[in-house]
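Commentary on secondary and tertiary structure
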Amino acid sequence: MQSHIRVLESSQENISLLLMGLEYLINISYVDDTEVFKVCLDYWNSLVSELLKLTTIWIIPYRKCKHDGATDADASWYG
């Protein structure tokens, strides 16, 4: 799933399939098998790592802008 994430995020139909796949992965995470849990944990770790990278890309410029004396209106396009 990790190697195909960009394709899955490319259209609304694919996003709904991605969400369904993530729901399956959540349910699989509850299986009482150490190896299966490790595989799920590896995926969740990479997902959270990617989300952290994306969040950092948007938050750091916003914080820098705020510290440079910019107003909220100047920084509003950062989200």
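Going by the structure above, here's the rest.
Keep in mind it's a predicted model, so treat the numbers as computed, not measured.

With respect to the overall build of the protein chain
Helix and strand content of the protein chain: four helices and zero strands. When the helices and strands of the protein chain are listed from N to C terminus, the series reads α-α-α-α. Split into buried and exposed, the 79 residues of the protein chain put 13% on the buried side. Residue pairs in contact within the protein chain that sit at least 24 positions apart in sequence constitute 17% of those at least 6 positions apart. About 6400 Å² of surface is accessible on the protein chain, with carbon and sulfur atoms providing 63% of the total.

Comments concerning the nonpolar core
Within the largest apolar cluster, six residues are counted, these being Ile-5, Leu-18, Leu-22, Leu-25, Cys-40 and Tyr-43. Elements represented by at least two residues in this core include exactly helix 2 (12–29) and helix 3 (34–67). Counting residues per element, this core draws most heavily on helix 2, which supplies three residues.

As for the packing of aromatic side chains
A complete count under the given rule lists one aromatic pair for this structure. The interplanar angle of 65 degrees and the centroid separation of 5.6 Å between the aromatic rings of Tyr-43 and Trp-44 together place this pair among those described as edge-to-face. Classification of Tyr-43 by relative accessible area gives buried; the value is 8%.

Overview of the side chain of Asn-14
Turning to its location among the elements, Asn-14 is positioned in helix 2. Residue Asn-14 is classed as buried on the basis of its relative accessible area of 19%.

Observations concerning the pattern of salt bridges
Enumeration over the complete set of coordinates arrives at one salt bridge. Ionic pairing is found between Glu-35 and Lys-38, a salt bridge with its closest N-O pair at 3.6 Å. Taken together, the positions of Glu-35 and Lys-38, both in helix 3 and three residues apart, correspond to about one turn of that helix.

Focus: a nonpolar patch on the surface
A surface patch of nonpolar side chains, amounting to about 460 Å² of accessible area, comprises Leu-17, Met-20, Tyr-24, Ile-28 and Val-31. Tracing the backbone shows Tyr-24 in helix 2.

Topic: the environment of Leu-19
Turning to its location among the elements, Leu-19 is positioned in helix 2. The exposure class of Leu-19 is partly exposed, given its relative accessible area of 48%. C-alpha of Leu-19 to C-alpha of Glu-9: the two residues are ten residues apart in sequence and 9.9 Å apart in space.

Thresholds applied
Starting afresh in each chain, residues are numbered from 1 along the sequence in its written order. The predicted nature of this model means local features are confined to residues of pLDDT at least 70 and side-chain atom pairs, given and counted, to a pLDDT of 80 or more, with totals for whole chains, interfaces and linings taken over all residues. Hydrogen atoms and water are omitted, and side-chain values are computed over all heavy atoms in the structure. Working definition: helices are DSSP H or I runs of at least four residues, strands are E runs of at least two. Numbering for both runs from the N terminus. Exposure is judged per residue with a 1.4 Å probe applied to protein chains only, and the accessible area is read against the type maximum: over 50% gives exposed, under 20% gives buried, and values in between give partly exposed. Should any heavy atoms of two residues lie within 4.5 Å, those residues are considered in contact. Reported accessibility uses the Shrake-Rupley method at a 1.4 Å probe radius. Residues are deemed covered only where the shown protein chains occlude them. Grouping buried Ala, Val, Leu, Ile, Met, Phe, Trp, Tyr and Cys residues that are joined through side-chain atoms within 4.5 Å yields what is termed a nonpolar core. A pair of aromatic rings is counted whenever rings of Phe, Tyr or Trp (Trp by its six-membered ring) have centres within 6.5 Å, and the orientation is called stacked for planes under 30 degrees apart, edge-to-face for over 60 and tilted otherwise. A side-chain nitrogen of Lys or Arg and a carboxyl oxygen of Asp or Glu constitute a salt bridge if their distance falls within 4 Å. Two joining distances apply to patches: 9 Å for like charges and 5 Å for nonpolar side chains (Val, Leu, Ile, Met, Phe, Trp, Tyr), and every residue must have over 30% relative accessible area and no salt bridge.

All we've got here are geometric facts, nothing functional implied.
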